[in-house]
Amino acid sequence: MSLKGAAAVVGIAELAPQRYTGDASILDLLSQVGAEAIADAGFKHADIDGLVVHPIGGLPGFVPATVAEYLGIKPTFAELVDLGGATGAGMVWRAAAAIQAGMCTTCLCLTGTRRRGRPQNRKQQNTERPPPRSIAPTRDRSPAAEFDSPYGMVGANVGYAMIATRYTHEYGLQDTQRAKVAVDQRKNANANPKAFFHDQQLTIDDVLSSEVICQPLHMLEIVMPAAGAAALIVTAADRVPDAKQKPAWILGAGESVTHSSFAQAPNLDATGIGIASRAAFNMADVKPGDMGLASLYDCYTIMVLLTLEEAGFVPRGEAGAFVESHDLTWAGDFPLNTHGGQLSFGQAGMAGGMSHVTEAARQIQGRCGERQVPGLELAYAHGNGGIIAEQTGLVFGASR
Amino acid sequence: MSARVIPPISPTTQPYWEGAARGELMLQQCSACGQRPFPPHTHCEKCGSAELAWQAASGKGTIYTYTISYRAPHPVFRDQCPMVIAVVELDEGPRLMTNIIECDPEHVAVGMAVEAAFEKIDDSDVVLPVFRLV
Ligand SMILES: [Zn+2]
């Protein structure tokens, strides 16, 4: 039993990431992008009988029901995925699995986040502020709140900086090699009108002269939070001919969850990245080297380098030299994150992780315009959640 | 003493924090298989046994990885940056998140030997295990 060829992505919609979305509600953003994806596939709302969403701030529960009612659909399969940055990729294989199991025929996968904007009355920097006082988390009873947060292990910068430190200790890595990832991805964004940094150039010097936030990571190696939304339509093989768009066949999927607190993460040569990607390639019966596009989760430059090795694209310890000696742009010899990656496209919450999936599917469909990878047959999309905690890999193909 | 995020303590983890208040780094050890789970568990992460006994650890370990945070990861750490946030691998095996205190951040390196120290959290009775270079 395998998901290979059971379903395909036939509809895609994505709102261009913005810094802030003002007073628009998250349901408005999801409803808009969902309707666009349904129309893109050439389907109608009544054709949608599956819905996959993620936890949404401001909706305390009943998320699938709330979203379904707002969209005007009545799914026979309703699912919530909570895998951080792997959520988007995790949605796609769950949709295919539900289709294969007969629970639905056409599933809408929805991701998005809103950002209202900076509060107008935020206090200005004041050198005479009183010293900060300790705070007790009001709701978070997780082991991370108890054993990580007291030390400043809050958010993701600290964790990925520690991954970069450890990687550099084990294998050696130059700052310029990490920066090359950001620079090549920016060239891709320069060919993607929807990318947040579409109009801005980036050089290695720009990256390395930006502020060091957490040693060794610079500001321009770190994703910028944005608002936006992305949606995919996954449909059964026998409904693919009814769709307006060419299919991006789901040929393989793999997933792994190894820890929650970063201190409990596996060693860097035994992460869930490898477990998930090997499973995806095995299901599709292909090898990493067969891929014409790598769409790899890039919350930080170091994540791309680690994933290149752990997913099997590059031998252990050679990712730095690899990115230095290859052209990672859409026109290059190793197309990587052709939408710009989240670093240059923008990270709109869960839609940021989904952007790697939408790009892989769109490239397979041959709809990427200026940045289209010519003759693309196979693409790999990877999602990563938490501090390398949750991993989902997907192999897409132009042929079933 | 410094301002921090105060850990939410549960009955399962209470002995760890009581140990820290005495100046001891307490670890569980599985009576069935010898595994040392961290953070504290109700059942052994390796064999599932509920027979977990508390023991004082040596407090010695090495830096597995670290970063220097130049910006406060949370406003409560505003006056402590640059701060060294590290994962320390204890001689007994478990890895834990911590801070390396009383050091020149630029001289910290992976593999350095460290030993536990104990720091009371401001505005709280909780004592937090931290580490200093040996
Ligand atoms: Zn045991």
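Residues numbered from 1 in each chain as written. Chains lettered and ligands numbered in written order. Predicted model: local features only at pLDDT ≥ 70, side-chain atom pairs only at ≥ 80, totals over all residues. Heavy atoms only, no water.

A look at the layout of surface pockets
- Within this model, the second largest pocket holds a volume of roughly 290 Å³.
- In terms of lining, the second largest pocket is formed by 18 residues, of which the most central are Ser 142, Pro 143 and Ala 144 of chain A together with Pro 39 and Pro 40 of chain B.
- Across the lining of the second largest pocket, the residue classes tally to seven nonpolar, nine polar and two charged. (1 Å grid on protein atoms, 1.4 Å probe; cavity = no way out; pocket = protein on both sides within 12 Å on 5 of 7 lines; lining within 4 Å. Points joined across faces, edges and corners; volume = space filled by probe spheres on them. Nonpolar A, V, L, I, M, F, W, Y, C, P; charged D, E, K, R; others polar.)

Focus on the domain arrangement of chain B
Residues and elements named next belong to chain B.
- Split by domain assignment, chain B resolves into domain 1 (10–56) and domain 2 (58–134).
- The straight-line distance from the C-alpha centre of domain 1 to that of domain 2 is 21 Å.
- At the interface, eleven residues of domain 1 touch 13 residues of domain 2.
- Each partner contributes to the roughly 980 Å² buried at the junction of domain 1 and domain 2, and carbon and sulfur atoms together form 80% of this total.
- Joining domain 1 to domain 2, the criterion identifies zero salt bridges.
- Take the side of domain 1 that touches domain 2: its biggest share by element is four residues, from helix α1 (residues 14–22).
- Split by residue class, the side of domain 1 that touches domain 2 holds eight nonpolar, one polar and two charged. (Domains from an automatic or database assignment. Contact = heavy atoms within 4.5 Å. Buried area = accessible area lost by both parts, 1.4 Å probe. Salt bridge = Lys/Arg side-chain N within 4 Å of Asp/Glu carboxyl O. Helix = DSSP H or I, 4+ residues; strand = E, 2+ residues; numbered from the N terminus.)

Focus on the coordination of the zinc ion
- Listed as protein donors to the zinc ion are Cys 30 of chain B (SG), Cys 33 of chain B (SG), Cys 44 of chain B (SG) and Cys 47 of chain B (SG); their distances from the metal cover 2.3 to 2.4 Å.
- Read in sequence order, the donor residues coordinating the zinc ion give the pattern C-x2-C-x10-C-x2-C. (Donors = N, O, S within 2.8 Å, 3.2 Å for Na, K, Ca; no water.)

Some details on the nonpolar core
- Ranked by size, the top nonpolar core spans 127 residues in total, and within it Val 67, Leu 110, Tyr 160, Leu 308, Phe 313 and Val 395 of chain A carry the most contacts.
- With eight residues, helix α1 (residues 26–41) of chain A is the largest single contributor of residues to this core.
- When residues are assigned to domains, this core turns out to be shared by domain 1 (10–56) and domain 2 (58–134) of chain B, each giving three or more.
- Beyond its immediate sequence surroundings of up to four residues, Leu 308 of chain A is in contact with Leu 296, Phe 313, Val 314, Phe 322, Val 323, Phe 334 and Leu 336 of chain A.
- With 40 residues, the next largest nonpolar core counts Ala 89, Val 92, Ala 379 and Phe 396 of chain A among its residues. (Core = buried A, V, L, I, M, F, W, Y, C linked by side-chain atoms within 4.5 Å. Buried < 20%, exposed > 50% of the residue type's maximum accessible area, 1.4 Å probe, protein only.)

Some thoughts on the packing of helix α6 (residues 175–189) of chain A against helix α9 (residues 301–310) of chain A
All names here are of chain A.
- The geometry of α6 relative to α9 is characterised by a closest axis approach of 8 Å and an angle of 100° between their N-to-C directions. Taken together, the axes of α6 and α9 are roughly perpendicular relative to one another. Residues Arg 178, Val 181, Ala 182 and Gln 185 of α6 form the contact with α9, whose own contacting residues are Thr 301, Ile 302, Val 304 and Leu 305.
- Of the residues belonging to the contact of α6 with α9, the class tally is five nonpolar, two polar and one charged. (Axes fitted to C-alpha atoms, helices over the stretch in contact; angles between N-to-C directions. Parallel < 35°, antiparallel > 145°, perpendicular 65-115°, else oblique.)

Regarding the pairing of strand β5 (residues 95–100) of chain B
Residue and element names in this part refer to chain B.
- A large share of β5 lies buried, amounting to six of its six residues.
- Two strands pair when backbone bridges link them, and strand β4 (residues 83–90) and β5 are joined in this way by six bridges, in the antiparallel orientation. Opposite Ala 86, over in β5, you have Thr 98 as the bridge partner.
- What sits between β4 and β5 in their antiparallel hairpin is a turn of four residues, with Gly 93 showing a positive phi close to 120°. (Pairing = 2+ DSSP bridges.)

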